[in-house]
Amino acid sequence: MQNIKTIGVVGAGQMGGGIALVAAINKFGVILCDKSADQQHKCEADHKKRLAREVEKQRIKQEDADAAIARIKYVHMFDLIKDADFVVEAAVENAQVKRDIFANLARMMREDVILATNTSSISITEIAAAAETARKGAGARVIGMHFFNPVPVMKLVEVIKGIQTSEATTATTLELSRLLAKTPIPANDRAGFVSNRVLMPMINEAFYAWMEGVAEPAHIDEIMKLGCNFPMGPLRLADFIGLDTCEHIMNVLADGLNNDRYRACPLLKQLVAAGRLGDKSGRGVFDYAVKA
Ligand code: NAD
């Protein structure tokens, strides 16, 4: 594998913060860039808290935790990422924002640097095209590296090849994922990749079952947990993911696969319109204010 010592991460939110921490724990240098200084501080504080908890539980030694934190540079000037040997982008899920970031990365980074995106639904091919337009040949170095939440816990990385992605880019990304102690599985660039293509229609169907009165939400979840050995029912999982995100991904599937059978269930759309977004708003399918 080419010599990768420092990983640049764009976006220090839930996912970028997790990716940076996993990279640092696995002995990579990290340059973590977020355009919001506030978010940088929040992320750094969160890293320290998580590592302290790991030390307390004796899962990591104090000196290793200190060394991991020391490996992360928290920056908010985008161009400071230029010294990285591999980049993972985890900024907001907005196609225009990602196209701009990848055009800038293509212009700014060394010619051998792989540019990965953690997008959960935007076409890798489209992002690679923005990089290629900015710099000839850059599209071949763009790839999807889809981590799962929470990143330090979840083993899977879905590695998604765009039409332009080279074999060398794919091979290096698979190998780097293993060095991050993850299990990479390759997939091709079709709407939803594999994970959301299979998961979201199931979640959507659970909303239909509820809407049609097949069973109460708690019963739908219990049936799927006990009957299919799922750790979490589909409606509870929808709240965890965010109902607005679920609706958005259904729209991506319907548009990207040209098929109305992927349209979001009317009840899901209605809950989103009512501001019931799940855990993050305190109420979605289930009411979390009551539980607290
Ligand atoms: P988030 O909102 O928690 O974090 C996004 C961060 O990106 C914010 O801190 C924001 O300030 C920053 N940002 C926005 N534009 C930027 C720019 N131009 N340069 C630098 N920083 C910028 O979002 P998240 O949940 O961490 O998701 C990030 C990406 O990961 C999205 O593409 C999302 O689809 C994907 N993803 C999310 C999950 C999940 O469960 N949350 C799972 C897999 C993939």
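Residues numbered from 1 in each chain as written. Predicted model: local features only at pLDDT ≥ 70, side-chain atom pairs only at ≥ 80, totals over all residues. Heavy atoms only, no water.

## Re the overall build of the protein
In terms of regular secondary structure, the protein is built from 12 helices and eight strands. A principal-axis box enclosing the C-alpha atoms of the protein has dimensions of 55 × 50 × 35 Å. Here the protein holds 292 residues, and 47% of them are scored as buried. Sequence-distant contacts, at least 24 apart, represent 71% of the contacts inside the protein between residues at least 6 apart. Element-wise, carbon and sulfur atoms account for 54% of the exposed surface of the protein, whose accessible area totals about 14,300 Å². Of note, the protein has its 36 positive side-chain charges centred 3 Å away from the centre of its 35 negative side-chain charges. (Helix = DSSP H or I, 4+ residues; strand = E, 2+ residues; numbered from the N terminus. Buried < 20%, exposed > 50% of the residue type's maximum accessible area, 1.4 Å probe, protein only. Contact = heavy atoms within 4.5 Å. Areas by Shrake-Rupley, 256 points an atom, 1.4 Å probe, with all protein chains shown as cover. Lys, Arg positive; Asp, Glu negative; His and termini not counted. Charge placed at Lys NZ, Arg CZ, Asp CG, Glu CD.)

## Describing the nonpolar core
Counting 37 residues, the largest nonpolar core has Ile7, Leu32, Met145, Phe147 and Leu180 as the members making the most contacts within it. Top element by residues in this core is helix α1 (residues 14-25). It accounts for seven residues. Those residues within four positions of Ile7 in sequence are excluded, and the remaining contacts are Ala23, Phe28, Gly29, Val30, Ile31, Ala84, Phe86, Val88, Leu176 and Leu180. If you look at the next biggest cluster of nonpolar residues, it comprises 28 residues, including Leu237, Leu243, Cys246 and Cys265. (Core = buried A, V, L, I, M, F, W, Y, C linked by side-chain atoms within 4.5 Å.)

## What to know about the environment of Asp100
Considering the arrangement of structural elements, one finds Asp100 in helix α4 (residues 95-108). Along the backbone, Asp100 and Ile127 are 27 residues apart, and their C-alpha atoms lie at a distance of 9.0 Å.

## Description of the domain arrangement of the protein
Taken domain by domain, the protein comprises domain 1 (6-188) and domain 2 (196-280). The C-alpha centroid of domain 2 is placed 28 Å from the C-alpha centroid of domain 1. Every contact between the two is made by five residues of domain 1 and, on the other side, five residues of domain 2. Among the residues domain 1 hides against domain 2, the three largest losses belong to Ser120, Ser121 and Asn149. Together they make up 74% of the total. Put simply, domain 1 and domain 2 have zero salt bridges between them. The interface formed by domain 1 and domain 2 contains one residue pair in polar contact (both at pLDDT 80 or more). Here the side of domain 1 that touches domain 2 is composed, by residue class, of no nonpolar, four polar and one charged. (Domains from an automatic or database assignment. Buried area = accessible area lost by both parts, 1.4 Å probe. Salt bridge = Lys/Arg side-chain N within 4 Å of Asp/Glu carboxyl O. Polar contact = N/O pair within 3.5 Å; in protein donor to acceptor, adjacent residues only side chain to side chain. Nonpolar A, V, L, I, M, F, W, Y, C, P; charged D, E, K, R; others polar.)

## Thoughts on the side chain of Asn196
The residue Asn196 is located in helix α7 (residues 195-211) in this model. Here the side chain of Asn196 touches Ser120 through a polar contact of 3.2 Å, landing on its backbone oxygen. Beyond its immediate sequence surroundings of up to four residues, Asn196 is in contact with Ser120, His146, Pro201, Ile249 and Leu253.

## Some thoughts on the sheet that holds strand β2 (residues 29-33)
Within a beta sheet, neighbouring strands are joined by backbone hydrogen bonds and run either parallel or antiparallel to one another. Read across the sheet, eight strands follow the order β3-β2-β1-β4-β5-β6-β7-β8 without closing on themselves; strand pairing throughout is mixed. Where the open sheet ends on each side, the last strands, each with one partner, are β3 (72-75) and β8 (183-188). When the angles between neighbouring strand axes are averaged without regard to direction, this sheet yields 25°. Pairing of strand β1 (residues 6-10) with strand β4 (residues 86-89), which is carried by four bridges, proceeds in the parallel orientation. Paired with Val10 across the strands is Glu89, a residue of β4. Sheet strands in contact with α1 are β1, β2, β3, β4 and β6 (142-147), and its direction is about 165° off that of β2. The strands touched by helix α6 (residues 167-179) within the sheet are β1, β4, β5 (114-117), β6, β7 (156-161) and β8, with β6 carrying the most contacts at an inclination of about 25°. (Pairing = 2+ DSSP bridges. Axes fitted to C-alpha atoms, helices over the stretch in contact; angles between N-to-C directions.)

## Thoughts on the site of the ligand
Neighbouring the ligand are 21 residues; Met15, Asp34, Glu93, Lys98 and Ser120 lie closest to it. Contact distances for the ligand include 3.1 Å between an oxygen atom and a backbone N or O atom of Gln14. The contact in question runs from an oxygen atom of the ligand to an N or O atom on the side chain of Ser120, over 2.6 Å. About the coverage of the ligand: the protein hides 77% of its 840 Å² of free accessible area. When residues of the shell around the ligand are traced back to their parent elements, those giving at least two are α1, α4 and β6. (Near = heavy atom within 4 Å.)

## What about the pairing of β8?
Across six bridges, the pairing between β7 and β8 is parallel. If you follow Val157 over to β8, its bridge partner there is Pro184. The handedness of the β7 to β8 crossover, carried by α6, is right-handed. (Right-handed = clockwise from strand over helix to strand, strands pointing away.)

## Structural notes on α4
The terminal C-alpha atoms of α4, which comprises 14 residues, lie 20 Å apart, in line with the 20 Å expected from a rise of 1.5 Å per residue. Taken as a whole, α4 has its buried residues at Lys98, Ile101, Phe102, Ala103, Leu105 and Ala106. Considering only its buried residues, α4 is in contact with β1, β4, β5, α5 (124-134) and β6. By the N-cap criterion, in which a side-chain oxygen at the helix start approaches the backbone nitrogen of a residue two or three places on, α4 is capped by Asn94, the distance to Gln96 being 2.9 Å. (Expected span 1.5 Å × (residues − 1).)

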